[in-house]
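Fold and geometry: a report
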Amino acid sequence: MNEVRILDKKFRELISEQAIRKRIDEIALQINRDFTGSEVIFVGILNGAFMFAADLFRKTELNARITFVKLASYQGTSSTGSIKELIGWNEDMVNKKVIVVEDIVDTGATLERIVNELVIRNVAEIKIATMLLKPTAYKLDIPVNYVGFEIPNNFVVGYGLDYNGYGRNLPSIYTLVK
Ligand code: IMP
């Protein structure tokens, strides 16, 4: 499947399922080495990271737990609509080593929000793992410790990533054909 159509757009394969699997094995090996003897909590960011988080977690050989959080629009009286709150947080994570698992880091705005939230909640250590990074869009100083693939600044779908809700179940990663 070199090309797929999702809704009104056409996408071309960018990273194969096989290449994704191989890279996850490498990252898991690195994480296993870096966290030998430590208790770790993987924190997957919903929705996009569910697939990467599951595949990466399966390959770890650590005393590890996994949980998922989401940045959801604030349900209070805010009229801006732009305030987001972290939902799914579990107090068990206080003073623990955390690996945040993202699907993609684009501008890094989401990552910054998540990291700020975790700092406020007093975790002991924060490392970031992302399947994809768009280096030309990412301008923050927060180090991204484990990167699957660096990609150009184009829209992608598949392997958890969506276009208007569709395409998450594609096993490879596809880029928009303009
Ligand atoms: P950021 O906050 O700009 O770094 O964007 C991060 C979030 O935007 C990701 O977790 C995705 O949900 C979404 N996103 C960014 N780029 C893409 C893309 O190319 N395809 C699909 N979703 C994307």
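Description of the structure in this document. Numbers given to residues run from 1 along each chain, matching the order in which its sequence is written. The predicted origin of the model limits local features to residues at a pLDDT of at least 70 and limits the giving and counting of side-chain atom pairs to 80 or more, whereas totals for whole chains, interfaces and linings rest on all residues. Side-chain descriptors were evaluated using all non-hydrogen atoms of the structure, hydrogens and water having been removed beforehand.

Quick notes on the packing of helix α1 (residues 17-34) against helix α2 (residues 50-58)
To obtain an axis, a line is fitted to C-alpha atoms, over the contacting stretch when the element is a helix, and the angle between two such axes runs from 0 to 180 degrees between their N-to-C directions. Only DSSP runs of H or I reaching four residues or more are called helices, and only runs of E reaching two or more are called strands; each is numbered from the N terminus. Between α1 and α2, whose axes approach to 9 Å, the crossing angle comes to 60 degrees. Taken together, the axis directions place α1 and α2 in an arrangement best described as oblique. Viewed along their axes, α1 and α2 form a crossing whose handedness is right-handed. Of the residues in α2, those touching α1 at Ile24, Ile27, Ala28 and Ile31 are Phe52, Asp55 and Leu56. Residues of the contact of α1 with α2, tallied by class, amount to six nonpolar, no polar and one charged. Should an angle lie under 35 degrees it is considered roughly parallel, over 145 roughly antiparallel, and from 65 to 115 roughly perpendicular; all remaining angles are considered oblique. The hand of a helix crossing depends on one turn: near helix anticlockwise from the far one by less than a right angle means left-handed, and clockwise means right-handed. In this description, contact between two residues means that some pair of their heavy atoms is separated by no more than 4.5 Å. Nonpolar residues are Ala, Val, Leu, Ile, Met, Phe, Trp, Tyr, Cys and Pro. Charged residues are Asp, Glu, Lys and Arg, and all others, Gly as well, are polar.

Quick word on the pairing of strand β2 (residues 9-15)
Two faces make up the sheet, and in a regular strand the side chains alternate between them. Judged from the four bridges that link them, strand β1 (residues 3-6) and β2 form a sheet pairing that is antiparallel. Bridge pairing in β2 places valine 4 opposite phenylalanine 11. Strands were regarded as paired on the criterion that DSSP finds at least two bridges between them. Connecting β1 to the next strand, β2, in antiparallel fashion are two residues, including leucine 7 with a positive phi near 50 degrees. Across four bridges, the pairing between β2 and strand β10 (residues 173-176) is antiparallel. Bridging from a neighbouring strand, isoleucine 15 pairs with isoleucine 173 of β10.

Remember that the coordinates give geometry; whether it matters functionally is a separate question.
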